[in-house]
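In case you want the letters, here they are:
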Amino acid sequence: MTITSPYLGSSKAWTDAQLLYALEEVVEKELNRHLKVAKDWMPHEYVPFSDGRNFPGIFEDGEAWSADQSKVTDIGKIALVVNLLTEDNLPSYHHEIASLFGRDGAWGTWVHRWTAEEGRHGIVMRDYLLTSRAVDPDKLEQFRMAHMAEGFESDNRHSMLHSVAYVAFQELATRVSHRNTGHQSGDPVCDRMLARIATDENLHMVFYRNLLGAAFELAPDLTMQSVRDVVVNFRMPGHGMPGFERAAAQMAIGEIYNMRIHHDDVIQPVLRFLKVMDIDGLGPEGAKAQEELGLYMGGLDSEASKFDEKLAARKARMVARGRA
């Protein structure tokens, strides 16, 4: 199946300002759809406050934290910290998208609505972690300060199209990471909380994915190049946090987020839904980007298969040791 647009192959040069204006009606439509399906929820309803107790400090009866006070699994704790520290950088994310998309009209309404919804995620996750004593509260705050003090600059801040393409994939990646963390947490309360967050992230992904589809209709060559660049150079927004590489490796082994998940559950679904590899009639640069994207996805799949084999071998060794 192929997709043909009246704009395909057009030599029209688009500026960010022109694209923002041209996509305004789509943003308004997607915003209205989002507001109809999104459900408000209360962060405090997902936190087991009755399990909480004071930490040492101004409270004389404070109980010091220790690692055995929580039912959350080790991999769940690691992933929860990574996910929360990622959410903590919301002020920087807001600044980035507000600067790119603007603060007026449908774009501005969406930017502020998205920020407000994302704000709940950090609130409920931190309250859960402190109440359940899943992580060392002192280290968590030290990590937050270090991460936010470094600041955040998006790899795609130079281009509105690149930014739209990035968040279409990144919102889905975040949803998958939260959902898998919940499954691996060992705590049904945590699982329900992260499922609620994941529902928000999925709606955000749908908004940006549909917007990306509209961009393909308007500027297919530029959009194809943006998608190629974003997919090939994709990094999660929390990559700059303390200890991220080690935590990411542990999350990969723990099957919360790894190359196979990235390929199968994040990149492929968006490409498939938008039929990106079936778009026909592109100009030279767009066709080149499409070909390079296909080659990259093939290579990613091969690398994911190698990772799968290593992970299976690791599991087999662990089983063997357990039986010894």
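Look above for the structure.
Being a predicted model, the structure only gives us computed values, none of them experimental. (Residues numbered from 1 in each chain as written. Predicted model: local features only at pLDDT ≥ 70, side-chain atom pairs only at ≥ 80, totals over all residues. Heavy atoms only, no water.)

### Describing the packing of helix H7 (residues 160-184) against helix H8 (residues 188-218)
Helix packing geometry: the angle between the two helix axes and the distance between the axes.
Phase 1 of the analysis: At a minimum axis separation of 8 Å, H7 and H8 run at an interaxial angle of 160°. Considered as vectors, H7 and H8 are oriented roughly antiparallel to each other. Judged by the twist between their axes, the crossing of H7 over H8 is left-handed.
Phase 2 of the analysis: Considered class by class, the residues forming the contact of H7 with H8 number 15 nonpolar, seven polar and six charged. (Axes fitted to C-alpha atoms, helices over the stretch in contact; angles between N-to-C directions. Helix = DSSP H or I, 4+ residues; strand = E, 2+ residues; numbered from the N terminus. Parallel < 35°, antiparallel > 145°, perpendicular 65-115°, else oblique. Left-handed = near helix turned anticlockwise from the far one by under 90°. Nonpolar A, V, L, I, M, F, W, Y, C, P; charged D, E, K, R; others polar.)

### Points about the side chain of Arg 260
Phase 1 of the analysis: Summarising the element assignment, Arg 260 is placed in helix H11 (residues 259-274).
Phase 2 of the analysis: A relative accessible area of 16% places Arg 260 in the buried class.
Phase 3 of the analysis: Of note is the side chain of Arg 260, whose polar atom sits 3.0 Å from the side chain of Ser 305.
Phase 4 of the analysis: Residues within four places of Arg 260 in sequence aside, it is in contact with Asp 265, Asp 301, Ala 304, Ser 305 and Asp 308. (Buried < 20%, exposed > 50% of the residue type's maximum accessible area, 1.4 Å probe, protein only. Polar contact = N/O pair within 3.5 Å; in protein donor to acceptor, adjacent residues only side chain to side chain. Contact = heavy atoms within 4.5 Å.)

### Observations regarding unusual backbone geometry
Phase 1 of the analysis: Positive phi, close to 60°, is recorded for Glu 255, a residue that is not glycine.
Phase 2 of the analysis: With respect to the secondary-structure elements, Glu 255 resides in the loop between helix H10 (244-253) and H11.
Phase 3 of the analysis: In this model, Lys 275 sits at a positive phi of 55°, which is unusual for a non-glycine residue.
Phase 4 of the analysis: Among the secondary structure elements, Lys 275 is positioned in the loop between H11 and helix H12 (284-323).

### Some thoughts on the nonpolar core
Phase 1 of the analysis: Leu 80, Phe 101, Phe 169, Met 193, Tyr 208 and Val 227 are the most contacted members of the largest nonpolar core, which totals 86 residues.
Phase 2 of the analysis: Among the elements that line this core, the one with the most residues is H8, at 14 residues.
Phase 3 of the analysis: Setting aside chain neighbours within four positions, we find Tyr 208 in contact with Ile 97, Phe 101, Trp 110, Trp 114, Val 164, Val 167, Ala 168 and Glu 171. (Core = buried A, V, L, I, M, F, W, Y, C linked by side-chain atoms within 4.5 Å.)

### Concerning the pattern of salt bridges
Phase 1 of the analysis: Counted by the stated rule, this structure contains 18 salt bridges.
Phase 2 of the analysis: For the salt bridge of Arg 196 with Asp 200, the shortest nitrogen-to-oxygen distance reads 2.9 Å. Of the two residues, Arg 196 and Asp 200 both sit in helix H8, four residues apart, roughly one turn of that helix. In this pair, the class of Arg 196 matches that of Asp 200, namely buried.
Phase 3 of the analysis: Linked through salt bridges whose partners overlap, the residues forming this network are Asp 40, Arg 113, Glu 117 and Arg 120. (Salt bridge = Lys/Arg side-chain N within 4 Å of Asp/Glu carboxyl O.)

Honestly, that's just the spatial picture; any functional story needs more than this.
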